[in-house]
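Analysis of the macromolecular model
Listed below are the residues making up each chain.
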Amino acid sequence: MNKLIEKPYLIFLLAIPIIMLIGILSGDAVLDINVHDTFYVIGWNQLTLISSILFGIIGIGYWIMQKGNRKLSKSLNWIHIGLTFGGILILLILNQLYRIEIMNLEYNINLTLIITLIVLLMIVGQIIFPINIIYGLIKKKN
C-alpha cells in the first residue's frame, strides 16, 4: 500500500486497460441519465474512452512529478485515489440496487440522490489532483 502512495501513477495507468476492456465487452450498451424531463444517453464505449483519457492524464501528471523529484502530499494522494476508485466501486454497487417495479419509485429517488452525492464527491476528489500538483511544484525538491 505504501508503494501505491509513493507511485500513484501506477494505479491510474494500470486501470486504463481494465476500463477499456469493460468498454469493449459492453458492446452497444448505453448509460442513460434522466434529469427531470431530459434524457442524456452516453454509450459505454465513449464513456470508457473518456475515462481512460482522463486516467492517462492523471497518471502522466503523477509520473512527471515523480520524475521531476517533486514531493506530493501523501494525504492528498490518499484522498484523491480513495475518492476516485472508492467512488467508482460504490457507484457500481449502488447501480445494481435499482429496482424496476413502479411501486419502488421512492426507493429509486433516494438511491438517485445518493448516487448524485457520490458523483459530486468524486468531482471534488478530482479537484484535489491539481491542488496536489501545485503543492508539489511550490514545495522544495526532495
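Note: the structure precedes this text.
Residues numbered from 1 in each chain as written. Predicted model: local features only at pLDDT ≥ 70, side-chain atom pairs only at ≥ 80, totals over all residues. Heavy atoms only, no water.

Here we look at the environment of Gly82
By the secondary structure assignment, Gly82 is in helix α4 (residues 74-95). Sequence-wise, Gly82 and Ile18 are 64 residues apart; in three dimensions their C-alpha atoms are separated by 18 Å. (Helix = DSSP H or I, 4+ residues; strand = E, 2+ residues; numbered from the N terminus.)

Digging into α4
Its 22 residues place the ends of α4 31 Å apart at the C-alpha level, agreeing with the 32 Å of an ideal helix rising 1.5 Å per residue. Every buried residue belonging to α4 is among Leu76, Asn77, His80, Ile81, Thr84, Gly87 and Leu94, and all of these are buried. (Expected span 1.5 Å × (residues − 1). Buried < 20%, exposed > 50% of the residue type's maximum accessible area, 1.4 Å probe, protein only.)

Things to note about unusual backbone geometry
Although it is not a glycine, Asn69 sits at a positive phi angle of roughly 55°. Note that Asn69 resides in the loop between α3 (44-67) and α4. Residue classification places Asn69 among the partly exposed positions, given a relative accessible area of 46%.

Topic: the nonpolar core
Counting residues in hydrophobic clusters, the biggest one holds 15 residues, and the most contacted among them are Phe12, Phe55 and Tyr62. Of all elements in the fold, only α1 (2-6), α2 (9-25), α3 and α5 (105-138) reach the threshold of two or more residues within this core. With five residues, α2 is the single largest residue contributor to this core. In this view, Tyr62 contacts Pro8, Tyr9, Phe12, Leu72, Asn77, His80, Phe129 and Asn132; residues no more than four positions away in its chain are not counted. Counting five residues, the second-largest nonpolar core is a separate cluster that includes Leu94, Leu111, Ile115 and Ile118. (Core = buried A, V, L, I, M, F, W, Y, C linked by side-chain atoms within 4.5 Å. Contact = heavy atoms within 4.5 Å.)

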